[in-house]
Amino acid sequence: MSNPGSHTYTYEDRATAKLRLRADAFQYDSAMEHLAEMKRDRPEQYDQMNPLSRISLGHYEIAKAAAVQLGRNVSAPTDREV
């Protein structure tokens, strides 16, 4: 017997919720964008960086990708948006 107040989540519901949470966590960060550029353009220098910075960039990139997937603006804010 199921509880009328309970909700059974499907895998898709959980995946969608996880995607939204990741996208909600995204905030444009120029320092993270700089690290992403270094990772792409100067991998040997990026590999020498602090592991915590690389982990932070990974979380940033995952959140940014989720925001892009949901159609959100991920570009740098303009002076009027700040």
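The structure under discussion appears in the preceding block.
Residues numbered from 1 in each chain as written. Predicted model: local features only at pLDDT ≥ 70, side-chain atom pairs only at ≥ 80, totals over all residues. Heavy atoms only, no water.

## What about the pattern of salt bridges?
Counting across every chain of the model gives 4 salt bridges. We note a salt bridge from Lys39 to Glu61, for which the minimum N-O separation is 3.2 Å. Here Lys39 is found in helix α2 (residues 30–41), whereas its partner Glu61 is found in helix α4 (residues 51–69), with 22 residues between them in sequence. Residue classification places Lys39 among the partly exposed residues on the basis of a relative accessible area of 36%. According to the relative accessible area criterion, Glu61 is partly exposed, its value standing at 29%. (Salt bridge = Lys/Arg side-chain N within 4 Å of Asp/Glu carboxyl O. Helix = DSSP H or I, 4+ residues; strand = E, 2+ residues; numbered from the N terminus. Buried < 20%, exposed > 50% of the residue type's maximum accessible area, 1.4 Å probe, protein only.)

## Remarks on the packing of helix α1 (residues 11–25) against α4
Packing of α1 against α4 brings their axes to within 7 Å, and their N-to-C directions diverge by 110 degrees. Comparing the axis directions of α1 and α4 gives the class roughly perpendicular. Between α1 and α4 lies a crossing of left-handed hand. On α4, the residues touching Leu19, Arg22, Ala23 and Ala25 of α1 are Ile62, Ala63, Ala66, Ala67 and Gln69. (Axes fitted to C-alpha atoms, helices over the stretch in contact; angles between N-to-C directions. Parallel < 35°, antiparallel > 145°, perpendicular 65-115°, else oblique. Left-handed = near helix turned anticlockwise from the far one by under 90°. Contact = heavy atoms within 4.5 Å.)

## Considering the packing of aromatic side chains
Under the criterion given, the structure shown has 1 aromatic pair. Judged by centre distance (5.2 Å) and plane angle (45 degrees), the rings of Phe26 and Tyr60 are tilted. In this pair, Phe26 sits in the loop between α1 and α2 while Tyr60 sits in helix α4, placing the two residues 34 residues apart along the sequence. A residue is classified by how much of its surface remains accessible, and Phe26, at 11% relative accessible area, is buried. (Phe/Tyr/Trp six-rings, centres within 6.5 Å; stacked < 30°, edge-to-face > 60°.)

## Quick look at the environment of Asp29
As for its placement among the helices and strands, Asp29 is situated in the loop between α1 and α2. Between the alpha carbons of Asp29 and Ser75 there is a distance of 9.7 Å; along the sequence they are 46 residues apart.

## Thoughts on the nonpolar core
If you look at the biggest cluster of nonpolar residues, it comprises 15 residues, and the most contacted ones within it are Phe26 and Leu57. Taken together, the elements giving at least two residues each to this core come down to α1, α2 and α4. The element that contributes the greatest number of residues to this core is α4, accounting for 5 residues. Ignoring any residue separated from it by four or fewer positions in sequence, one finds Phe26 in contact with Tyr60, Ala63, Lys64, Ala67 and Val74. (Core = buried A, V, L, I, M, F, W, Y, C linked by side-chain atoms within 4.5 Å.)

## Things to note about α2
Helix length check: α2 (12 residues) gives 16 Å between terminal C-alpha atoms against 16 Å at 1.5 Å per residue, within 8%. Buried residues of α2: Met32, Glu33, Leu35, Ala36 and Met38, and no others. Elements that come into contact with the buried residues of α2 comprise α3 (43–47) and α4. Its side-chain oxygen placed 2.8 Å from the backbone nitrogen of Ala31, Asp29 serves as the N-cap of α2. (Expected span 1.5 Å × (residues − 1). Polar contact = N/O pair within 3.5 Å; in protein donor to acceptor, adjacent residues only side chain to side chain.)

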